[in-house]
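So you can see what is in the structure, the chains are spelled out below.
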Number of protein chains: 2
Amino acid sequence: MTLVRVHSFAISLDGYGTGEGQSADAHFGHAGDRLHEWMFTTRWWQPGGSGGVDDAFIRQHDPGIGAEIMGAGKFGHPGWHEDPSWRGAWGPNPPFHTPVFVLTHHTRPPIEMEGGTTFHFLDASPVEALDVAREAAQGKDIRLGGGATTIREFLAAGLVDHLHVVIVPILLGRGVRLWDGLEGLEKDYQVEATSSPSGVTHVTFTRTAS
Amino acid sequence: MTLVRVHSFAISLDGYGTGEGQSADAHFGHAGDRLHEWMFTTRWWQPGGSGGVDDAFIRQHDPGIGAEIMGAGKFGHPGWHEDPSWRGAWGPNPPFHTPVFVLTHHTRPPIEMEGGTTFHFLDASPVEALDVAREAAQGKDIRLGGGATTIREFLAAGLVDHLHVVIVPILLGRGVRLWDGLEGLEKDYQVEATSSPSGVTHVTFTRTAS
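Bringing the overall build of chain A into the picture now. Each helix and strand counted, chain A has five helices and 11 strands in total. Its C-alpha atoms put chain A at 45 × 40 × 35 Å along the principal axes. When burial is assessed residue by residue, chain A has 45% of its 210 residues classed as buried. For chain A, contacts bridging at least 24 residues in sequence account for 64% of all contacts bridging at least 6.

Residue and element names in this part refer to chain A. Residue alternation in strand 7 (residues 141-144) divides its side chains into two sets, Asp141 and Arg143 and Ile142 and Leu144, and both sets are buried. As paired elements, strand 1 (residues 4-12) and strand 7 share two bridges and run parallel to each other. From the neighbouring strand, arginine 5 faces strand 7, where its bridge partner is arginine 143. With four bridges connecting them, strand 3 (residues 65-71) and strand 7 associate as parallel partners. Of the residues in strand 7, the one forming a bridge with isoleucine 69 is leucine 144.

The topology assignment puts Gly199(A) in the loop between strand 10 (189-195) and strand 11 (201-207). Taking the C-alpha atoms as reference points, Gly199(A) and Val168(A), separated by 31 residues in sequence, lie 7.1 Å from one another. Those residues within four positions of Gly199(A) in sequence are excluded, and the remaining contacts are Pro169(A), Val191(B) and Ala193(B).

Okay, the sheet that holds strand 8 (residues 162-168) of chain A next. All names here are of chain A. Across the sheet, nine strands lie side by side as 5-6-4-3-7-1-8-11-10; this open sheet has mixed pairing. Each edge of the open sheet carries a strand with a single partner, namely strand 5 (111-112) and strand 10. Against the sheet, helix 4 (residues 126-137) makes contact with strand 1, strand 3, strand 4 (99-103), strand 6 (118-122) and strand 7, and its axis sits at roughly 150° relative to strand 3, the strand it touches most.

In this chain, Gly146(A) is followed by Gly147(A) through a cis amide linkage whose omega measures 0°. With respect to the helices, strands and loops of the structure, Gly147(A) is situated in the loop between strand 7 and helix 5 (148-156). The residue Ser8(A) is not glycine, and still its phi comes out positive at about 55°. Within the fold, Ser8(A) resides in strand 1. Of the residues examined, Ser8(A) has 19 C-beta atoms within 10 Å and is grouped as partly exposed. We note that Gln138(B) has phi near 50°; this positive angle belongs to a residue other than glycine. For Gln138(B), a count of 11 C-beta atoms within 10 Å corresponds to the exposed category.

Before going further, it helps to examine the relation of the copies chain A and chain B. Of the transformation superimposing chain A on chain B, the axial component is 0.0 Å and the angular component is 180°, with the fit at an RMSD of 0.0 Å. The transformation relating the two chain copies, once decomposed into turn and shift, fits a two-fold axis. Relative to the rotation axis, the C-alpha of Ser195(A) is the closest in chain A, positioned 2.6 Å from it.

Ranked by size, the top nonpolar core spans 106 residues in total, and within it Val102(A), Val168(A), Val102(B) and Val168(B) carry the most contacts. Setting aside chain neighbours within four positions, we find Val168(A) in contact with Ala10(A), Ile11(A), Ser12(A), Arg34(A), Leu35(A), Trp38(A) and Val200(A).

A few words on the confidence of the model for chain A. In the predicted model, chain A carries a mean pLDDT of 96, and the fraction of residues at 70 or more is 99%. Overall fold confidence (pTM) sits at 0.95, and the ipTM for the predicted complex is 0.93.

The subject of this paragraph is the interface of chain A and chain B. In this assembly, 23 residues from chain A lie in contact with 23 residues from chain B. Where the side of chain A that touches chain B is concerned, the elements lending two or more residues are strand 10 and strand 11 of chain A. Split by residue class, the side of chain A that touches chain B holds 11 nonpolar, eight polar and four charged.

Next up on the list: the sheet that holds strand 1 (residues 4-12) of chain B. Residues and elements named next belong to chain B. Ordered by their spatial adjacency, nine strands build an open sheet running 5-6-4-3-7-1-8-11-10, and the pairing between neighbours is mixed. Of all strands in the sheet, those bounded by a partner on one side alone are strand 5 (111-112) and strand 10 (189-195). Each of strand 1, strand 3 (65-71), strand 4 (99-103), strand 6 (118-122) and strand 7 (141-146) is contacted by helix 4 (residues 126-137), which is oriented at about 150° to strand 3, the strand it contacts most. Where helix 5 (residues 148-156) meets the sheet, its contacts fall on strand 1, strand 3, strand 4 and strand 7, and the angle it forms with strand 7 comes to roughly 130°.

Residue and element names in this part refer to chain A. Along strand 3, six of the seven residues are buried, which leaves the element largely enclosed by surrounding structure. Across four bridges, the pairing between strand 3 and strand 4 is parallel. Among the inter-strand pairings, methionine 70 is bridged to a residue of strand 4, identified as valine 102.

Here we take up helix 4 of chain A. Since there are 3.6 residues in each turn of an α-helix, residues three or four apart along the chain are aligned in direction. Residues and elements named next belong to chain A. With 12 residues, helix 4 ought to run about 16 Å at 1.5 Å a step, and its terminal C-alpha atoms sit 16 Å apart, in line with that. Of all the residues in helix 4, the buried ones are Pro126, Ala129, Leu130, Ala133 and Ala137. Buried residues of helix 4 fall within an arc of 100° about the axis and therefore sit on the same side. For helix 4, exposure combined with an orientation more than 90 degrees from the buried face picks out Val127, Glu128, Asp131 and Glu135. The secondary structure elements touched by the buried residues of helix 4 are strand 1, strand 3, strand 4, strand 6, strand 7 and helix 5. Two residues or fewer past helix 4, glutamine 138 is found with a positive phi of approximately 50°.

Residues and elements named next belong to chain B. Examined against the element boundaries, glutamate 153 turns out to sit in helix 5. Classification of glutamate 153 by C-beta neighbours within 10 Å gives partly exposed; the count is 16. Considering only alpha carbons, one finds glutamate 153 and serine 50, 103 residues apart in sequence, at a separation of 34 Å.

About the thresholds
- Residues numbered from 1 in each chain as written.
- Chains lettered and ligands numbered in written order.
- Predicted model: local features only at pLDDT ≥ 70, side-chain atom pairs only at ≥ 80, totals over all residues.
- Helix = DSSP H or I, 4+ residues; strand = E, 2+ residues; numbered from the N terminus.
- Buried ≥ 20, exposed ≤ 12 C-beta atoms within 10 Å, placed from the backbone.
- Contact = placed C-beta atoms within 7 Å.
- Pairing = 2+ DSSP bridges.
- Axes fitted to C-alpha atoms, helices over the stretch in contact; angles between N-to-C directions.
- Least-squares fit on C-alpha atoms with pLDDT ≥ 70 in both.
- Core = buried A, V, L, I, M, F, W, Y, C linked by C-beta atoms within 7 Å.
- pLDDT = per-residue confidence, 0-100.
- Nonpolar A, V, L, I, M, F, W, Y, C, P; charged D, E, K, R; others polar.
- Expected span 1.5 Å × (residues − 1).
- Arc of directions from axis to C-beta.

Listed below in structure tokens is the structure:
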């Protein structure tokens with residue numbers, strides 16, 4: 001059975017996966033780059049970077065993944081669907097290299113990008129989206145890419161097998177929170193926390209019940 | 001200058017310092033003992049317990065402290081002030097051994113307990129309460145004991161010098177949250193995270209600005 005995996009989803013200490021005020025120029029709103037600075041010091045990001053625990057975790061993002069599912073809020077800022085030229089926030093060669101299924105009420109034809117990424121637009125429930133993504137992944141795992149709302153919905157529906165969250169030691173105060181309404185989530189998972197010299201803490205939820 | 005310190009204040013991954021449904025028999029509501037089980041395995045709690053990082057942190061609770069300030073919600077469940085026999089949730093010899101100032105709109109005469117703890121009841125702002133507690137602490141530090149609302153108010157007022165929070169890998173889903181309304185708190189502190197083999201993560205905020 002293939003797995004549904006979340007990798008390197010960064011949240012603030014107060015639980016926000018993105019800030020307020022998202023726009024075409026501010027993909028994470030007032031959070032800016034602060035949720036992701038820990039990535040920039042790894043050797044995965046740049047030669048000469050650190051090869052420690054942050055690097056080890058971030059390198060789990062791609063192997064074994066055959067498709068990604070993401071929410072409309074990850075694909076673009078509010079209102080992107082009114083811009084027919086919007087092709088996501090990652091330039092011509094997005095870092096997915098697989099089919100990507102964007103959950104949205106505003107579907108459009110698929111967009112084929114460089115490097116193997118094709119964006120497909122689905123108006124579907126989490127379970128329905130998973131069925132489509134599993135078919136496309138051809139036996140590989142599905143990465144659930146975010147944002148916070150989408151991950152929360154899949155967690156609430158019991159659809160996530162592996163969750164890797166990175167707690168960044170800042171307080172954003174506002175934005176979209178990951179953990180709301182997930183009381184008792186830990187019961188079905190083995191939970192492990194690993195703090196890094198960079199200041200972040202990696203928390204993994206690995207499903208034990210089936 | 002004496003410091004205002006918070007030690008071993010436990011919160012869930014989703015930020016709750018206590019659960020819902022607090023009563024005389026359930027000091028932390030539906031959270032039960034779950035926020036504090038990490039303490040029970042230390043040698044501070046019991047002979048033969050672990051002497052690792054959890055033990056090291058918990059032993060900072062008492063040294064150098066001359067007085068504690070706590071909120072009404074830590075002293076007792078909602079409605080304790082209507083029970084003239086209520087003497088706190090810790091039995092005849094509470095683990096404070098100093099003057100303790102309980103912030104409440106329902107003041108009553110001081111209660112002298114065994115072991116050096118005396119509960120004083122103050123209807124005062126954070127700054128006013130600190131003045132009183134500093135006087136009583138006779139040159140030693142003030143411990144801010146909680147609950148979440150009280151710590152949040154003191155943090156918002158810029159009155160906390162050292163904050164030690166313990167993130168417990170459970171999701172309570174409801175209760176009283178610590179971090180609300182504290183955007184940018186980290187700017188005035190050095191923040192460090194240390195995860196423990198027990199599963200909890202110790203996060204310390206040490207004031208750098210004055």
